[in-house]
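# Reading the structure
Listed here are the chains, written in short residue letters.
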Amino acid sequence: MPGISRPINIWQRVLVYAALLVVLASIQVFPGQWTRIAAPDFLLFLPLIIGLTRAGGEGFTMGLISGFMRDYLTGRLYGLGMFEGMIIGLLAGLFFSENKKMFWKRLLLFWPAVTLVHIISMTLLSYFFPLDSNLPLSLAMILRESFAGLPLMLVANLFACVIILFFLWLGFYQKKKKHKKTDLEGYGGYDRAL
Amino acid sequence: MKRKAPRIFIIVLVTVAILATMILTALPGSTRTIITDYFGRVFDPVVSFFQSSLKSVGNFFSAVSENRDLKEEVAKLEKENSDLRQKVIINEEKVKAYDELEDALNLKSRFKDYEIVGGNVINRSIGPMFDLFRINLGREDGIWVTSDRSYPVLDSQQNLVGRLYSSELGSSRVVPLMHEGFSISAKVPASAGNNFRVRGSVEYKNRRLCLADQIPEGTPLQVGDLIVSSGDGGLYPEGIEIGTVVEIITDSRSNAMQALIEPASQLEELNYVFVLIDHALPSAIEGK
């Protein structure tokens, strides 16, 4: 993604990422009626998109920060979200490509994979670390119920990817510089002048 | 463009640190509250500010659409009449707040032995499982959750919302009624001694229902019955409304009677909640 992947100074990046984190996290956990539908998981996909578009350590760092936010906002303990975010950001960074086509292909591959892995890991955590061990819990049942909502969750997460990409494009937007034609080029360039 | 990926030793170091954090924060009390106390002081006001801005934008747009409707009426009605209507719209929010307050006062008279603290929902849970939601009441408000001490959370209509899971300086996490880790001893108001368990169930969560099980034989349970807390266990006072029976089922394995309960509280529409603090329990100071 040439627009987003271009080199930018660190302060501009920090500013864009901080704004993105606060805005998206606030929207994601905003209480209200809309919680009846599957919500886009911005905090999960932020490190993925940043890793795929910016490479290096940015996806990794973003994964840690957004994971921390997830743990802080709704987690039962600290570290789980950070670990998940770190792995996602790290993997995404490894698959970075400046080629637009390649980026979309990889995003379309990662999007369902990340959603699926997240659901499975949350299911396993709910089963192995229950809030009340006296209450009956069946792994098969949790898995079945989790996967029942998978199609909607996939759609919501695809929406999250598009929104994040749009915000990143907006944050790293650069006006295209108009190439001034020289006198020689005005007449058809150097070759014609010869 | 080539960018440096993080070095292996940094990744290993961070992973070890994360694992240590996980273990430390999994222990009751401990580090989790310390981290949240410091971070919350900075982050919560930012989120609250942003969310209130979102609300104001929403209110603005709804006000614009309401104004459009009013303009049509102004053409039909006399000026005086339209002025009154506008005043009604402006006062709608105040009426809502008054209703909340009135309900809270009713709550106060009902649970005389409890101190009632009201607060806002800060954020909802992210995932359908494992996660919890947060409210803006914490240790500063006299709420000290420990491994053997928790508090019931009600809505303004005196319906059960859930219980507190942990308390930080300015916020607390709530386990909602439909969470797979929630359970409460319940009964039908008229019956004495026939207590049973109402719990969150993964199977029925998507249908927004709870499950009543361990129902003693002969319990007069019917569809449409109101279910309230029995008062057993000491955490929840007797008589808190939990929900209504919507279906009686039979467990396929044990052949025992079970019931599906529709919670009385509209969890998705919650904005304000009330925490009941029982001063008869070991002093809050002990929790400190």
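Here the structure is shown first, and the text comes after it.
Residues numbered from 1 in each chain as written. Chains lettered and ligands numbered in written order. Predicted model: local features only at pLDDT ≥ 70, side-chain atom pairs only at ≥ 80, totals over all residues. Heavy atoms only, no water.

### Section: the overall build of chain A
Under the convention used in this document: Under the scheme used here, helices are H or I runs from DSSP no shorter than 4 residues and strands are E runs no shorter than 2 residues, and both carry numbers assigned from the N terminus. Exposed residues in this analysis have more than 50% of their type's maximum accessible area, buried residues have under 20%, and partly exposed residues fall in between, with area computed by a 1.4 Å probe over protein chains only. It only takes one pair of heavy atoms within 4.5 Å for two residues to be counted as in contact.
When helices and strands are counted, chain A shows ten helices and zero strands. Sequence-ordered secondary structure for chain A, helices as α and strands as β, is α-α-α-α-α-α-α-α-α-α. A buried classification covers 51% of the 194 residues belonging to chain A. For chain A, contacts bridging at least 24 residues in sequence account for 71% of all contacts bridging at least 6.

### Some words on the nonpolar core
Our working rule: Here, nonpolar core means buried Ala, Val, Leu, Ile, Met, Phe, Trp, Tyr and Cys residues that are tied together by side-chain atoms lying within 4.5 Å of each other.
Among the nonpolar cores identified, the biggest contains 57 residues, and A:Phe45, A:Leu46, A:Leu48, A:Leu107, A:Ile164 and A:Leu168 are the most heavily contacted of them. If you list the elements that add at least two residues to this core, you get α2 (10-28), α3 (42-54), α4 (58-74), α5 (80-94), α6 (100-128) and α8 (150-171) of chain A together with α1 (8-26) and α2 (30-76) of chain B. Per-element tally for this core: the top contributor is α3(A), with nine residues. Leaving out residues up to four positions away in the same chain, A:Leu48 has contacts with A:Ile88, A:Ala92, A:Leu107, A:Phe110 and A:Val114. If you look at the next biggest cluster of nonpolar residues, it comprises 47 residues, including B:Ile135, B:Val153, B:Tyr236 and B:Val245.

### With respect to the sheet that holds strand β7 (residues 196-200) of chain B
Residues and elements named next belong to chain B. Basically, it comes down to this: Two strands pair under a simple rule: DSSP has to find at least two bridges between them. Axis definition: a line fitted to C-alpha atoms, over the contacting stretch in the case of helices. Angles run 0 to 180 degrees between N-to-C directions.
Sheet architecture is closed into a barrel: six strands sit in the order β6-β7-β8-β11-β10-β9, paired in antiparallel fashion. Each strand axis lies, on average, 45° off the axis of its neighbour in the sheet, ignoring direction. Direction of pairing for strand β10 (residues 241-250) relative to strand β11 (residues 257-263): antiparallel, over a ladder of seven bridges. Each bridged residue has a counterpart across the sheet, and for Ile248 the counterpart in β11 is Ala259.

### Digging into the pairing of strand β9 (residues 226-229) of chain B
Residues and elements named next belong to chain B. Where strand β6 (residues 183-187) meets β9, two bridges bridge the pair, whose relative direction is antiparallel. Bridging across to β9, Ala186 finds its partner in Ser229. In the sheet, β9 pairs with β10 via three bridges, with the strands oriented antiparallel. What sits directly across from Val228, in β10, is Glu241.

### Here we look at the interface of chain A and chain B
Quick note on the threshold: Accessible area, probed at 1.4 Å, shrinks when two parts are joined; the buried area is that loss added up over both. Only one rule defines a salt bridge in this text: a Lys or Arg side-chain nitrogen within 4 Å of an Asp or Glu carboxyl oxygen. Definition of a polar contact: a pair of N or O atoms within 3.5 Å, with one able to donate and the other able to accept a hydrogen when the atoms are protein atoms, and with sequence-neighbouring residues admitted only if both atoms are side-chain atoms. Just so you know the grouping, Ala, Val, Leu, Ile, Met, Phe, Trp, Tyr, Cys and Pro go in nonpolar, Asp, Glu, Lys and Arg go in charged, and all remaining residues, Gly too, go in polar.
Tallying the contact residues gives 62 residues for chain A and 57 residues for chain B. Considering only the surface of chain A that becomes buried against chain B, A:Tyr72, A:Arg76 and A:Tyr78 emerge as the three largest contributors, covering 15% of it. At the boundary of chain A with chain B, the tally comes to zero salt bridges. For the pair chain A and chain B, the interface holds seven residue pairs in polar contact (both at pLDDT 80 or more). When contributions to the side of chain A that touches chain B are tallied by element, the ones reaching two or more residues are α2, α3, α4, α5, α6 and α7 (139-148) of chain A. Tallying contributions element by element places α4(A) first for the side of chain A that touches chain B, with ten residues. Residue composition of the side of chain A that touches chain B, by class: 35 nonpolar, 15 polar and twelve charged.

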